[in-house]
Amino acid sequence: EAGVVQSPRYKIIEKKQPVAFWCNPISGHNTLYWYRQNLGQGPELLIRYENEEAVDDSQLPKDRFSAERLKGVDSTLKIQPAELGDSAVYLCASAGGQGYFSGNEQFFGPGTRLTVL
Amino acid sequence: AQSVTQLDSQVPVFEEAPVELRCNYSSSVSVYLFWYVQYPNQGLQLLLKYLSGSTLVKGINGFEAEFNKSQTSFHLRKPSVHISDTAEYFCAVSEAMDSNYQLIWGAGTKLIIKP
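Anyway, here's the lowdown on the structure attached to this text. On a predicted model such as this, the values are computed, not experimentally measured, just so you know.

### Section: the overall build of chain A
Okay, step 1: Per the secondary structure count, chain A includes zero helices and eleven strands.
Okay, step 2: The C-alpha atoms of chain A give 14 Å as radius of gyration, which agrees with the globular expectation for 117 residues (13 Å, within 12%).
Okay, step 3: If you line up chain A on its principal axes, its C-alpha atoms span 45 × 25 × 20 Å.
Okay, step 4: For chain A, buried positions account for 48% of its 117 residues.
Okay, step 5: As displayed, chain A offers around 5,700 Å² of accessible surface, 48% of which is attributable to carbon and sulfur atoms.
Okay, step 6: With 12 positive and 14 negative side-chain charges, chain A shows a separation of 7 Å between the mean positions of the two kinds.

### Here's the deal with the interface of chain A and chain B
Okay, step 1: Listed by partner, the interface residues are 26 residues for chain A and 22 residues for chain B.
Okay, step 2: Summed over both sides, the interface of chain A with chain B buries roughly 1,800 Å², with 47% coming from carbon and sulfur.
Okay, step 3: At the junction of chain A and chain B, the tally comes to zero salt bridges.
Okay, step 4: When contributions to the side of chain A that touches chain B are tallied by element, the ones reaching two or more residues are strand S4 (31–37), strand S5 (44–50) and strand S9 (88–95) of chain A.
Okay, step 5: When residues of the side of chain A that touches chain B are assigned to their parent elements, the largest contribution, four residues, is made by S4(A).
Okay, step 6: In terms of residue class, the side of chain A that touches chain B is built from nine nonpolar, eleven polar and six charged.

### Quick word on the state of the cysteines
Okay, step 1: Applying the stated criterion across every chain, the model contains two disulfides over all chains.
Okay, step 2: Two residues share a disulfide in this structure: Cys23(A) and Cys92(A), whose sulfurs sit 1.9 Å from each other. Here the disulfide of Cys23(A) and Cys92(A) is left-handed, its torsion about the S-S bond being about -70°. Of this pair, Cys23(A) sits in strand S3 (residues 19–24) while Cys92(A) sits in strand S9, and the two are 69 residues apart along the sequence. Here Cys23(A) matches Cys92(A) in class, with each residue buried.
Okay, step 3: Each sulfur of the disulfide joining Cys23(B) and Cys91(B) lies 2.0 Å from the other. Between Cys23(B) and Cys91(B), the S-S torsion sits near -65°, and that sign places the bridge as left-handed. Note that Cys23(B) is positioned in the loop between strand S3 (19–21) and strand S4 (24–26) and Cys91(B) in strand S10 (residues 87–95), a separation of 68 residues in sequence.
Okay, step 4: Residue Cys91(B) is classed as buried on the basis of its relative accessible area of 0%.

Analysis parameters
- Residues numbered from 1 in each chain as written.
- Chains lettered and ligands numbered in written order.
- Predicted model: local features only at pLDDT ≥ 70, side-chain atom pairs only at ≥ 80, totals over all residues.
- Heavy atoms only, no water.
- Helix = DSSP H or I, 4+ residues; strand = E, 2+ residues; numbered from the N terminus.
- Rg over C-alpha atoms; globule rule 2.2 N^0.38 Å.
- Buried < 20%, exposed > 50% of the residue type's maximum accessible area, 1.4 Å probe, protein only.
- Areas by Shrake-Rupley, 256 points an atom, 1.4 Å probe, with all protein chains shown as cover.
- Lys, Arg positive; Asp, Glu negative; His and termini not counted.
- Charge placed at Lys NZ, Arg CZ, Asp CG, Glu CD.
- Contact = heavy atoms within 4.5 Å.
- Buried area = accessible area lost by both parts, 1.4 Å probe.
- Salt bridge = Lys/Arg side-chain N within 4 Å of Asp/Glu carboxyl O.
- Nonpolar A, V, L, I, M, F, W, Y, C, P; charged D, E, K, R; others polar.
- Disulfide = S-S within 2.5 Å.

Here it is as C-alpha coordinates:
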(Lines give C-alpha, C1' and ligand atoms only; values in the text may rest on other atoms or scores of the structure.)
Protein backbone atom coordinates (compact mmCIF):
# COMPACT_ATOMS: atom_id res chain seq x y z
CA GLU A 1 0.00 0.00 0.00
CA ALA A 2 1.23 3.52 -0.78
CA GLY A 3 2.07 5.72 2.16
CA VAL A 4 1.67 9.45 2.60
CA VAL A 5 3.17 11.32 -0.33
CA GLN A 6 4.62 14.81 -0.05
CA SER A 7 6.22 17.10 -2.57
CA PRO A 8 8.59 18.71 -2.99
CA ARG A 9 11.11 17.08 -0.66
CA TYR A 10 13.28 20.17 -0.53
CA LYS A 11 12.61 23.81 -1.27
CA ILE A 12 14.92 26.81 -1.07
CA ILE A 13 13.42 30.25 -1.50
CA GLU A 14 14.25 33.85 -0.67
CA LYS A 15 12.32 35.64 2.03
CA LYS A 16 9.09 37.33 0.96
CA GLN A 17 8.56 34.70 -1.76
CA PRO A 18 5.53 32.40 -1.71
CA VAL A 19 5.83 28.63 -1.35
CA ALA A 20 3.42 25.71 -1.44
CA PHE A 21 3.61 22.15 -0.20
CA TRP A 22 1.45 19.27 -1.37
CA CYS A 23 0.33 16.17 0.48
CA ASN A 24 -1.57 13.09 -0.65
CA PRO A 25 -2.69 10.99 2.34
CA ILE A 26 -3.19 7.26 2.51
CA SER A 27 -6.26 6.21 0.57
CA GLY A 28 -9.35 6.18 2.78
CA HIS A 29 -7.87 8.31 5.56
CA ASN A 30 -10.30 11.06 6.49
CA THR A 31 -8.02 12.86 8.92
CA LEU A 32 -5.09 14.88 7.62
CA TYR A 33 -2.55 16.84 9.62
CA TRP A 34 0.06 19.43 8.76
CA TYR A 35 2.92 19.80 11.21
CA ARG A 36 5.96 22.02 11.38
CA GLN A 37 9.15 20.59 12.85
CA ASN A 38 11.97 22.89 13.80
CA LEU A 39 15.48 21.54 14.15
CA GLY A 40 15.91 19.52 17.32
CA GLN A 41 12.25 19.67 18.29
CA GLY A 42 9.15 17.55 18.05
CA PRO A 43 6.43 18.24 15.51
CA GLU A 44 3.98 21.05 16.24
CA LEU A 45 0.50 20.84 14.78
CA LEU A 46 -0.47 23.56 12.33
CA ILE A 47 -3.84 22.33 11.12
CA ARG A 48 -6.02 19.25 11.19
CA TYR A 49 -8.66 18.30 8.63
CA GLU A 50 -11.58 15.94 8.93
CA ASN A 51 -12.44 15.31 5.28
CA GLU A 52 -12.53 18.80 3.76
CA GLU A 53 -13.22 20.64 7.00
CA ALA A 54 -10.43 22.30 8.99
CA VAL A 55 -11.43 21.31 12.52
CA ASP A 56 -8.36 22.64 14.32
CA ASP A 57 -6.37 25.52 12.88
CA SER A 58 -5.68 27.31 16.14
CA GLN A 59 -1.90 27.04 15.69
CA LEU A 60 -1.84 28.15 12.06
CA PRO A 61 -0.36 31.67 11.62
CA LYS A 62 -3.21 32.90 9.49
CA ASP A 63 -1.59 36.13 8.43
CA ARG A 64 0.76 34.26 6.12
CA PHE A 65 -0.21 30.60 6.17
CA SER A 66 -3.16 29.02 4.42
CA ALA A 67 -4.23 25.48 3.71
CA GLU A 68 -6.90 23.73 1.73
CA ARG A 69 -8.26 20.25 1.24
CA LEU A 70 -10.99 20.97 -1.27
CA LYS A 71 -12.18 17.45 -2.07
CA GLY A 72 -11.25 15.88 1.23
CA VAL A 73 -8.32 13.99 -0.25
CA ASP A 74 -5.05 15.77 -1.05
CA SER A 75 -4.07 19.01 0.61
CA THR A 76 -1.92 22.07 -0.02
CA LEU A 77 -0.20 24.24 2.58
CA LYS A 78 0.91 27.69 1.47
CA ILE A 79 3.10 30.38 2.96
CA GLN A 80 2.94 33.88 1.54
CA PRO A 81 5.20 35.70 2.11
CA ALA A 82 7.82 33.44 3.64
CA GLU A 83 10.02 34.69 6.48
CA LEU A 84 13.43 33.53 7.65
CA GLY A 85 11.83 31.90 10.70
CA ASP A 86 9.70 29.66 8.50
CA SER A 87 12.72 27.47 7.72
CA ALA A 88 11.71 24.05 9.01
CA VAL A 89 10.50 20.64 7.92
CA TYR A 90 6.80 20.55 7.08
CA LEU A 91 5.28 17.16 7.75
CA CYS A 92 1.98 15.79 6.59
CA ALA A 93 0.28 12.88 8.35
CA SER A 94 -2.97 11.01 7.93
CA ALA A 95 -5.09 8.76 10.11
CA GLY A 96 -8.29 6.70 10.07
CA GLY A 97 -9.46 4.22 7.49
CA GLN A 98 -9.71 0.46 7.59
CA GLY A 99 -7.43 -2.52 7.54
CA TYR A 100 -3.68 -2.25 7.88
CA PHE A 101 -3.60 1.55 8.04
CA SER A 102 -6.29 1.88 10.70
CA GLY A 103 -6.32 2.48 14.40
CA ASN A 104 -4.96 5.17 16.65
CA GLU A 105 -1.92 5.86 14.56
CA GLN A 106 -0.82 8.76 12.43
CA PHE A 107 1.15 7.87 9.32
CA PHE A 108 3.70 10.42 8.22
CA GLY A 109 5.07 11.47 4.90
CA PRO A 110 8.79 12.15 4.37
CA GLY A 111 8.34 15.90 4.86
CA THR A 112 9.36 18.98 2.92
CA ARG A 113 12.50 20.72 4.13
CA LEU A 114 12.07 24.46 3.58
CA THR A 115 15.02 26.82 3.66
CA VAL A 116 14.27 30.53 3.54
CA LEU A 117 17.29 32.70 2.66
CA ALA B 1 -3.69 19.13 30.08
CA GLN B 2 -1.55 16.41 28.67
CA SER B 3 2.20 16.71 28.37
CA VAL B 4 5.11 14.48 27.43
CA THR B 5 8.62 14.77 28.83
CA GLN B 6 11.69 13.20 27.31
CA LEU B 7 14.35 14.04 29.85
CA ASP B 8 17.37 13.22 27.71
CA SER B 9 17.97 15.32 24.63
CA GLN B 10 20.87 13.04 23.62
CA VAL B 11 21.89 9.54 24.61
CA PRO B 12 25.33 8.33 23.52
CA VAL B 13 25.89 4.59 23.71
CA PHE B 14 28.44 2.14 22.37
CA GLU B 15 27.47 -0.23 19.60
CA GLU B 16 26.06 -3.55 20.90
CA ALA B 17 25.36 -2.02 24.32
CA PRO B 18 21.82 -1.81 25.74
CA VAL B 19 19.93 1.47 25.72
CA GLU B 20 16.92 2.99 27.44
CA LEU B 21 15.23 6.18 26.27
CA ARG B 22 12.99 7.69 28.89
CA CYS B 23 9.50 9.07 28.42
CA ASN B 24 7.12 10.36 31.08
CA TYR B 25 3.68 11.76 30.52
CA SER B 26 0.98 13.52 32.46
CA SER B 27 -2.71 13.03 31.83
CA SER B 28 -5.93 12.87 33.80
CA VAL B 29 -7.51 10.34 31.44
CA SER B 30 -6.56 7.02 29.89
CA VAL B 31 -3.97 7.36 27.17
CA TYR B 32 -2.47 5.64 24.20
CA LEU B 33 1.30 5.84 23.92
CA PHE B 34 3.59 5.83 20.92
CA TRP B 35 7.25 5.85 20.04
CA TYR B 36 8.25 7.19 16.65
CA VAL B 37 11.70 7.15 15.06
CA GLN B 38 13.05 9.73 12.67
CA TYR B 39 16.14 8.83 10.66
CA PRO B 40 18.21 11.70 9.25
CA ASN B 41 16.33 13.61 6.56
CA GLN B 42 13.31 11.34 6.77
CA GLY B 43 9.78 11.49 8.12
CA LEU B 44 8.54 9.86 11.30
CA GLN B 45 8.01 6.12 11.44
CA LEU B 46 6.06 4.29 14.12
CA LEU B 47 8.25 2.01 16.26
CA LEU B 48 5.58 0.71 18.60
CA LYS B 49 2.40 1.66 20.37
CA TYR B 50 0.50 0.82 23.52
CA LEU B 51 -3.28 0.83 23.28
CA SER B 52 -4.33 -1.75 25.88
CA GLY B 53 -3.48 -5.20 27.20
CA SER B 54 0.04 -6.30 27.99
CA THR B 55 2.14 -3.47 29.34
CA LEU B 56 5.23 -4.76 27.53
CA VAL B 57 5.04 -3.80 23.89
CA LYS B 58 7.36 -5.07 21.21
CA GLY B 59 8.06 -3.05 18.12
CA ILE B 60 10.15 -3.07 15.00
CA ASN B 61 13.94 -3.30 14.85
CA GLY B 62 14.19 -5.10 18.21
CA PHE B 63 12.80 -2.25 20.30
CA GLU B 64 10.36 -2.69 23.15
CA ALA B 65 8.69 -0.41 25.66
CA GLU B 66 6.93 -0.90 28.95
CA PHE B 67 3.89 1.04 30.05
CA ASN B 68 3.99 1.83 33.76
CA LYS B 69 0.75 3.48 34.80
CA SER B 70 1.78 4.20 38.39
CA GLN B 71 4.94 5.97 37.25
CA THR B 72 3.29 7.43 34.14
CA SER B 73 6.20 6.25 32.06
CA PHE B 74 6.71 4.54 28.72
CA HIS B 75 10.44 3.96 28.43
CA LEU B 76 11.92 2.55 25.23
CA ARG B 77 14.59 -0.15 25.38
CA LYS B 78 16.79 -2.19 23.13
CA PRO B 79 19.17 -4.86 24.45
CA SER B 80 21.87 -4.31 21.82
CA VAL B 81 22.04 -1.29 19.55
CA HIS B 82 23.44 -1.13 16.06
CA ILE B 83 24.95 1.79 14.19
CA SER B 84 21.81 1.85 12.05
CA ASP B 85 19.77 2.82 15.13
CA THR B 86 21.28 6.29 14.99
CA ALA B 87 18.21 8.50 14.81
CA GLU B 88 15.95 10.74 16.82
CA TYR B 89 13.23 9.10 18.86
CA PHE B 90 9.96 10.78 19.79
CA CYS B 91 7.48 9.74 22.43
CA ALA B 92 3.85 10.80 21.92
CA VAL B 93 0.55 10.38 23.76
CA SER B 94 -3.09 10.67 22.80
CA GLU B 95 -6.26 10.43 24.83
CA ALA B 96 -7.76 6.95 24.57
CA MET B 97 -11.22 8.32 23.79
CA ASP B 98 -10.03 10.87 21.27
CA SER B 99 -11.31 9.69 17.91
CA ASN B 100 -9.34 12.49 16.26
CA TYR B 101 -6.03 10.77 17.08
CA GLN B 102 -4.55 14.05 18.35
CA LEU B 103 -0.96 13.50 19.50
CA ILE B 104 1.02 15.39 22.12
CA TRP B 105 4.73 15.09 21.40
CA GLY B 106 7.87 15.00 23.45
CA ALA B 107 10.88 17.04 22.36
CA GLY B 108 12.77 13.99 21.13
CA THR B 109 15.93 12.12 22.12
CA LYS B 110 18.86 11.75 19.76
CA LEU B 111 20.40 8.31 19.98
CA ILE B 112 24.10 8.49 19.15
CA ILE B 113 25.83 5.19 18.56
CA LYS B 114 29.57 5.17 19.21
CA PRO B 115 31.62 2.57 17.32
